[in-house]
Amino acid sequence: MKTIIILGSTGSIGTNTLDIVQRFPGEFRVAGLTAGNNIDKLEEQIRTFTPRVVAVSQEEAAARLRQRCAGLPVEILSGEKGIVEVASLPEAEMLISAIVGAAGLVPTLAAIRTGKHIALANKEPMVMAGKLMQEEAHKHGVKIFPVDSEHSAIFQSLEGHRLQDVRRLILTASGGALWTLTQEQLRDVTPERALQHPNWKMGSKITIDSATLMNKGLEVVEARWLFDIPESRIEVLVHRESIIHSLVEYEDRSMIAQLGLPDMRTPISYAMRYPERLPLDLPSLDLTEVGKLTFCKPDHERFPCLQLGYESLRIGGTMPAAMNAANEIAVDAFLQKGIRFLEIAEVIRQTMDAHSPKEIESLEDALDADRWAREKAGSLVHALPR
Ligand SMILES: NC(=O)c1ccc[n+]([C@@H]2O[C@H](COP(=O)([O-])OP(=O)(O)OC[C@H]3O[C@@H](n4cnc5c(N)ncnc54)[C@H](OP(=O)(O)O)[C@@H]3O)[C@@H](O)[C@H]2O)c1
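A. Spotlight on the overall build of the protein. On a plain count of helices and strands, the protein comes out with 17 helices and 11 strands. Taking 2.2 N^0.38 as the reference for a compact globule, 386 residues should give roughly 21 Å; the C-alpha atoms of the protein span a radius of gyration of 20 Å, in line with that estimate. In terms of overall dimensions, the protein has C-alpha extents of about 60 × 50 × 40 Å along its principal axes. Counting every atom, the protein has about 16600 Å² of accessible surface; 50% of that belongs to carbon and sulfur.

B. Region of the structure containing the site of the ligand. Around the ligand sit 25 residues, and of these Thr10, Gly36, Asn37, Asn38 and Glu124 come closest. Asn122 has a polar side-chain atom sitting 3.4 Å from an oxygen atom of the ligand. In the complex, 82% of the free accessible area of the ligand, which totals 900 Å², lies under the protein chains. Counting residues per element, the ones that place at least two in the shell around the ligand are helix 1 (12–23) and helix 6 (123–139). By residue class, the composition of the shell around the ligand is 11 nonpolar, 11 polar and 3 charged. Inspection of the shell around the ligand shows a minimum of three residues originating in each of domain 1 (2–146) and domain 2 (160–262 + 283–383).

C. Structural detail: the domain arrangement of the protein. One can read the domain layout of the protein as domain 1 (2–146) and domain 2 (160–262 + 283–383). One C-alpha centre belongs to domain 1, the other to domain 2, and the line joining them spans 25 Å. Taken together, the contact pairs 20 residues of domain 1 with 26 residues of domain 2. Approximately 1800 Å² of surface area, both sides summed, lies buried where domain 1 meets domain 2, with 70% of it carried by carbon and sulfur atoms. Counting the surface domain 1 buries against domain 2, the share from its top three residues, Lys123, Val127 and Met128, is 36%. Where domain 1 touches domain 2, the interface holds 2 salt bridges. The salt bridge involving Glu124 is made with Lys205; its shortest N-O contact spans 2.7 Å.

D. Main features of unusual backbone geometry. Of the consecutive residues Tyr274 and Pro275, the connecting peptide bond is found in the cis state with omega at 5°. Tracing the sequence through the fold places Pro275 in the loop between helix 12 (265–273) and helix 13 (287–290). Positive phi outside glycine occurs at Leu213, with the angle close to 75°. When you line up the elements, Leu213 lands in the loop between helix 10 (204–212) and helix 11 (214–227). On the basis of relative accessible area, Leu213 is assigned to the buried category, the value being 2%. With phi around 75°, Arg253 is a residue other than glycine that occupies positive phi space.

E. Seen up close, the environment of Ile154. Inspection of the secondary structure puts Ile154 in helix 7 (residues 149–158). Sequence separation between Ile154 and Val248 is 94 residues, and the spatial gap between their C-alpha atoms is 6.3 Å. Setting aside residues up to four positions removed in sequence, Ile154 forms contacts with Leu169, Leu171, Phe227, Ser246, Leu247 and Val248.

F. Structural view of the packing of aromatic side chains. Scanning the model with the defined rule gives 7 aromatic pairs in all. Ring geometry for Phe145 versus Phe155: centroids 6.1 Å apart, planes at 80°, classification edge-to-face. With a gap of 10 residues between them, Phe145 in strand 7 (residues 144–146) and Phe155 in helix 7 connect regions that are remote in the sequence. Phe155 carries the same exposure label as Phe145, and that label is buried.

G. Structural view of the side chain of His245. When you line up the elements, His245 lands in strand 10 (residues 244–250). For His245, the residues in contact, after removing those within four places along its chain, are Ser149, Glu150, Ala153, Thr172, Trp200, Gln258, Leu259, Gly260, Leu261 and Pro262.

H. Looking closely at the sheet that holds strand 5 (residues 94–97). The strand order across the open sheet formed by 7 strands is 4-3-2-1-5-6-7, and the pairing between neighbours is parallel. Each end of this open sheet is capped by a strand with a single partner; those strands are strand 4 (75–78) and strand 7. Taking each pair of neighbouring strands and ignoring which way they run, the sheet shows an average axis angle of 20°. As paired strands, strand 6 (residues 117–120) and strand 7 are joined by 3 bridges and run parallel to one another.

The rules behind each value
Residues numbered from 1 in each chain as written. Predicted model: local features only at pLDDT ≥ 70, side-chain atom pairs only at ≥ 80, totals over all residues. Heavy atoms only, no water. Helix = DSSP H or I, 4+ residues; strand = E, 2+ residues; numbered from the N terminus. Rg over C-alpha atoms; globule rule 2.2 N^0.38 Å. Areas by Shrake-Rupley, 256 points an atom, 1.4 Å probe, with all protein chains shown as cover. Near = heavy atom within 4 Å. Polar contact = N/O pair within 3.5 Å; in protein donor to acceptor, adjacent residues only side chain to side chain. Nonpolar A, V, L, I, M, F, W, Y, C, P; charged D, E, K, R; others polar. Domains from an automatic or database assignment. Contact = heavy atoms within 4.5 Å. Buried area = accessible area lost by both parts, 1.4 Å probe. Salt bridge = Lys/Arg side-chain N within 4 Å of Asp/Glu carboxyl O. Buried < 20%, exposed > 50% of the residue type's maximum accessible area, 1.4 Å probe, protein only. Phe/Tyr/Trp six-rings, centres within 6.5 Å; stacked < 30°, edge-to-face > 60°. Pairing = 2+ DSSP bridges. Axes fitted to C-alpha atoms, helices over the stretch in contact; angles between N-to-C directions.

Structural data, given as structure tokens:
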């Protein structure tokens, strides 16, 4: 029985994780859960999974949840401090990190520092402070298992091989909801249209990141730190069907890939139970039904965000953290219909141009860059003509 904590339990990854817990009742015990503000779903989860402690972002939501859960054996905390407390629960062996965005950095780092293995879905902390997270993981004897399907595929394709034999990592990209649109058509894309991902059902922020290809830019940075490979040996291949989840090429030109139908429960369960594979009762991939798989190169003209990911790594230091924060502000503004689709990349680019990067020596360095870039990107958003 493995005791776990889930950060972001009410989201897409969080609910898929709890689906696995429910399917394998003898395998996992839930010690703690956290959410933003969705107390309806969190209350349901408290009643089903009986965590000892939970936390939500706002004290006001926590107060309402305490009233609803009066009489239940659960402690309800709030704010970043409360989420960090849940992330640090001493009885847990593993933390599933599934908050969206930079808000996951402080609690995920707290879990590492209290010796918990991490199943990492929340890629933004790795983008902001990947080197620091890996150093801390090393110091505390913690393993970080990837949940992102591409990184899980690479992790699986590296198993039993020597890192020095790796030639390239190849991350596949679905291309997102807008891949077939012209530059002209991209100008007038609405959030509703951009949220129609062809293969994956995910939270709104990552779905927009997929449409801009910033998700792949963030994943290149994530791969750099997860697998300790320079960005010059990480490539991206557009593969619309999302069947091959990623590949590794070795020095002898062998390529090893991991395939499967797109379902996040496969990589989540692999991270949670590594090296075992849980017998998930999911449909099998029938390659005769798929018939053919297609591949093409990314289009950097229409989707410049992927290159921004590479550029942030080449510049290094706090630049990826600044890029990540600008992206969060720009995506939020687009979802609120405050800016247009193509302006997302513009806001990120201009924020990066204005940023003076410095080395990340502590968590504060990453958080300072995050704060600075949020302010800068926010003022750029407001300055754009409506
Ligand atoms: N979804 C996927 O298939 C997928 C695949 C690969 C990687 N990922 C990564 O996994 C992470 C989660 O993605 P998702 O699609 O599951 O997102 P999501 O559905 O939007 O869920 C986000 C979770 O984080 C909570 N949250 C949001 N803001 C918060 C804050 N400021 N403080 C504390 N909690 C907060 C949300 O709570 P409320 O529900 O209360 O708002 C929710 O529980 C992202 O980093 C994403 O890139 C996701």
